[in-house]
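Close look at the chain arrangement
Listed below are the residues making up each chain.
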Amino acid sequence: MLQPPAKERLYSATEIAEEAGVSANLVGRIANQYGIKTPEYGEYVLDKSPYSDKQVSTFRYNARGKAKLLELLGLQTEELLQH
């Protein structure tokens, strides 16, 4: 019997933020600013809202998206340090 192909690991904004030492809100703002929320960088998934019983659509980043965000966050940090 064939097994379905393994799905790639997806990362939440919170996971990426913890690794980068920034807030999840900043990760989301950077992703929106640079148009990272595309199929190339991840996918939308249904998730349970932490504040209610509702299901909400959230974007999860694949390895490429995570790397791009970490790169952009590094650039943002460098720009802040130069000013």
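What you see is a predicted model, and the numbers here were worked out from it, not measured in a lab.

**Digging into the pattern of salt bridges**
Within this structure, the stated rule accounts for five salt bridges. Note that arginine 9 is salt-bridged to glutamate 15, the shortest N-O span being 3.4 Å. Arginine 9 sits in the partly exposed class, given a relative accessible area of 48%. Given a relative accessible area of 32%, glutamate 15 falls into the partly exposed group.

**Quick word on the pairing of strand E2 (residues 55–61)**
The pairing of strand E1 (residues 42–48) with E2 spans seven bridges and is classified as antiparallel. When the bridges of E2 are listed, glutamate 43 appears paired with arginine 60.

**Quick word on the packing of aromatic side chains**
Throughout the structure, instances matching the rule amount to two aromatic pairs. The interplanar angle of 75 degrees and the centroid separation of 5.0 Å between the aromatic rings of tyrosine 44 and phenylalanine 59 together place this pair among those described as edge-to-face. Remark: phenylalanine 59 occurs in strand E2 and tyrosine 44 occurs in strand E1; sequence separation between them is 15 residues. For the ring pair phenylalanine 59 and tyrosine 61, a centre distance of 5.0 Å and an interplane angle of 65 degrees mean the geometry is edge-to-face. Owing to a relative accessible area of 1%, tyrosine 61 belongs among the buried residues under this scheme. Chaining the aromatic ring pairs together yields one cluster made of Tyr44, Phe59 and Tyr61.

**Focus: the side chain of serine 49**
Mapped onto the elements, serine 49 comes out in the loop between E1 and E2. Take serine 49: its relative accessible area is 10%, and that puts it in the buried class.

**Notes on the confidence of the model for the chain**
With 82% of its residues at a pLDDT of 70 or more, the chain shows a mean pLDDT of 87. The secondary structure element of the chain with the lowest average pLDDT is helix H3 (residues 63–82), at 80, and the one with the highest is helix H2 (residues 24–33), at 96.

**Details of the side chain of serine 12**
One can find serine 12 in the segment before helix H1 (13–20). Using a relative accessible area of 15% as the deciding quantity, one classes serine 12 as buried. The residues contacting serine 12, other than those within four sequence positions of it, are Arg60 and Tyr61.

Reading the values: the criteria
- Residues numbered from 1 in each chain as written.
- Predicted model: local features only at pLDDT ≥ 70, side-chain atom pairs only at ≥ 80, totals over all residues.
- Heavy atoms only, no water.
- Salt bridge = Lys/Arg side-chain N within 4 Å of Asp/Glu carboxyl O.
- Buried < 20%, exposed > 50% of the residue type's maximum accessible area, 1.4 Å probe, protein only.
- Pairing = 2+ DSSP bridges.
- Helix = DSSP H or I, 4+ residues; strand = E, 2+ residues; numbered from the N terminus.
- Phe/Tyr/Trp six-rings, centres within 6.5 Å; stacked < 30°, edge-to-face > 60°.
- pLDDT = per-residue confidence, 0-100.
- Contact = heavy atoms within 4.5 Å.

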